[in-house]
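Structural overview
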Amino acid sequence: AQTVTQSQPEMSVQEAETVTLSCTYDTSESDYYLFWYKQPPSRQMILVIRQEAYKQQNATENRFSVNFQKAAKSFSLKISDSQLGDAAMYFCAYRSAWIYGGSQGNLIFGKGTKLSVKP
Amino acid sequence: EPEVTQTPSHQVTQMGQEVILRCVPISNHLYFYWYRQILGQKVEFLVSFYNNEISEKSEIFDDQFSVERPDGSNFTLKIRSTKLEDSAMYFCASSPSPSSYNEQFFGPGTRLTVL
């Protein structure tokens, strides 16, 4: 079974600085997708960034980028120029690419990292 | 922008009571999911639903749980006889297709407290 581990329960960053959130996962599959979701306080989870395992190039979305190391099964999120609005719970998630006959597309989450941003 | 909504935001119930958690997925989405998060633990998959039937369910989703799409808009999760360990945050999600690339859109959650 696949597992996702986020080893940092809490992180803190100064506004305008860069922070990296760690995520590791375990799978025997070769084709899958990885996601980072953000959950602001009392708000729904929203997708920040996604990565297809077959792509070597790291995904980027504006100030958010990932460092995807497939062999190491590592998927960290880098937030550059941190803003107060980035304060939230961040969840790393895995999803199998095999959606018929296997997993039907459900996400497997880590425990989350609570990010605080100091002004 | 369309959003997934959930009601109530917080539900308090006595052990053994039935609860129904409600979700309104995004209108053109076809696939629906329930997840839950016990305080301090991981978000866990419960069940996925498509074409008026369950597509997949986890070990957590036992006979005490059921899902239904009673009309064209609502998607409900029923817990027949709640236990203390059912206390958790329950998230509904929807997506336009099951493609693994597609984003699942989450609701804000219902906090269920079983006393």
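These remarks concern the structure in this document. (Residues numbered from 1 in each chain as written. Chains lettered and ligands numbered in written order. Predicted model: local features only at pLDDT ≥ 70, side-chain atom pairs only at ≥ 80, totals over all residues. Heavy atoms only, no water.)

**A word on the overall build of chain B**
Of regular secondary structure, chain B possesses zero helices and 11 strands. Ordering the α and β elements of chain B from the N terminus gives β-β-β-β-β-β-β-β-β-β-β. A compact globule built from 115 residues should have a C-alpha radius of gyration of about 13 Å, and chain B, at 13 Å, falls within 12% of that. Each of the three principal axes of chain B carries a C-alpha extent, and together these read 35 × 30 × 30 Å. Each of the 115 residues in chain B was classed as buried or not, and the buried ones make up 46%. Of the roughly 5600 Å² of accessible surface on chain B, 46% is carried by carbon and sulfur atoms. Across chain B, the mean location of the 9 positive side-chain charges is 4 Å away from that of the 14 negative side-chain charges. (Helix = DSSP H or I, 4+ residues; strand = E, 2+ residues; numbered from the N terminus. Rg over C-alpha atoms; globule rule 2.2 N^0.38 Å. Buried < 20%, exposed > 50% of the residue type's maximum accessible area, 1.4 Å probe, protein only. Areas by Shrake-Rupley, 256 points an atom, 1.4 Å probe, with all protein chains shown as cover. Lys, Arg positive; Asp, Glu negative; His and termini not counted. Charge placed at Lys NZ, Arg CZ, Asp CG, Glu CD.)

**Regarding the overall build of chain A**
Secondary structure summary: chain A contains zero helices and 12 strands in total. Reading chain A from its N end, one meets helices and strands in the order β-β-β-β-β-β-β-β-β-β-β-β. The C-alpha radius of gyration of chain A comes to 14 Å, within 12% of the 14 Å expected for a compact globule of 119 residues. Considering only C-alpha atoms, chain A reaches an extent of 50 × 30 × 25 Å along its principal axes. In chain A, which comprises 119 residues, the share counted as buried stands at 48%. In chain A, the share of contacts with a sequence separation of at least 24, taken over all contacts with a separation of at least 6, comes to 57%. Carbon together with sulfur atoms contributes 46% to the accessible area of chain A, which is approximately 5800 Å² in total. Across chain A, the centroid of the 12 positively charged side chains sits 3 Å from that of the 10 negatively charged ones. (Contact = heavy atoms within 4.5 Å.)

**Let's talk about the packing of aromatic side chains**
Counted according to the given criterion, the structure contains 19 aromatic pairs over all chains. Between Tyr25 of chain A and Tyr32 of chain A, the ring centres sit 5.3 Å apart and the planes meet at 65 degrees, which makes this aromatic pair edge-to-face. As far as the burial class goes, Tyr25 of chain A and Tyr32 of chain A line up, both buried. Residues Phe109 of chain A and Phe106 of chain B carry aromatic rings whose centres are separated by 6.0 Å and whose planes lie at 75 degrees to one another, so their mutual orientation is edge-to-face. Of this pair, Phe109 of chain A sits in strand β11 (residues 108-109) while Phe106 of chain B sits in strand β10 (residues 105-106), on two different chains. (Phe/Tyr/Trp six-rings, centres within 6.5 Å; stacked < 30°, edge-to-face > 60°.)

**Observations regarding the nonpolar core**
Nonpolar side chains in soluble globular proteins tend to end up buried together. Grouped together as the largest cluster of nonpolar side chains are 25 residues, with contacts concentrated most on Tyr25, Trp36, Phe75, Leu77, Tyr90 and Leu115 of chain A. Elements that contribute at least two residues to this core include exactly β3 (19-21), β5 (32-39), β6 (46-52), β8 (64-69), β9 (74-79), β10 (88-96) and β12 (113-118) of chain A. The element contributing the most residues to this core is β10 of chain A, with four residues. Residue contacts for Phe75 of chain A: discarding those within four places in its chain leaves Cys23, Tyr25, Leu34, Phe35, Trp36, Gln51, Val66, Asn67, Phe68 and Cys92 of chain A. The next biggest cluster of nonpolar side chains, apart from the first, holds 22 residues, and it includes Val4, Phe65, Phe75 and Tyr90 of chain B. (Core = buried A, V, L, I, M, F, W, Y, C linked by side-chain atoms within 4.5 Å.)

**Some remarks on the interface of chain A and chain B**
Contact with chain A, which involves 26 residues of that partner, is made by 24 residues of chain B. Summed over both sides, the interface between chain A and chain B buries roughly 2200 Å², with carbon and sulfur atoms accounting for 51% of that surface. Taken together, chain A and chain B are joined by zero salt bridges. Summed over the shared surface of chain A and chain B, the number is four residue pairs in polar contact (both at pLDDT 80 or more). It is β5 of chain A that contributes the most residues to the side of chain A that touches chain B, four residues altogether. Counted by class, the side of chain A that touches chain B contains 12 nonpolar, nine polar and five charged residues. (Buried area = accessible area lost by both parts, 1.4 Å probe. Salt bridge = Lys/Arg side-chain N within 4 Å of Asp/Glu carboxyl O. Polar contact = N/O pair within 3.5 Å; in protein donor to acceptor, adjacent residues only side chain to side chain. Nonpolar A, V, L, I, M, F, W, Y, C, P; charged D, E, K, R; others polar.)

**Section: the state of the cysteines**
Residue and element names in this part refer to chain B. Applying the stated criterion across every chain yields a total of two disulfides over all chains. Each disulfide pairs two cysteine sulfurs, and for Cys23 the partner residue is Cys92, the sulfurs being separated by 1.9 Å. Disulfide Cys23 to Cys92: torsion about the S-S bond roughly -65 degrees, handedness left-handed. Note that Cys23 is positioned in strand β3 (residues 19-24) and Cys92 in strand β9 (residues 88-95), a separation of 69 residues in sequence. Judged by relative accessible area, Cys23 falls into the buried class, the value being 1%. Cys92 gets classed as buried once you look at its relative accessible area, which sits at 0%. (Disulfide = S-S within 2.5 Å.)

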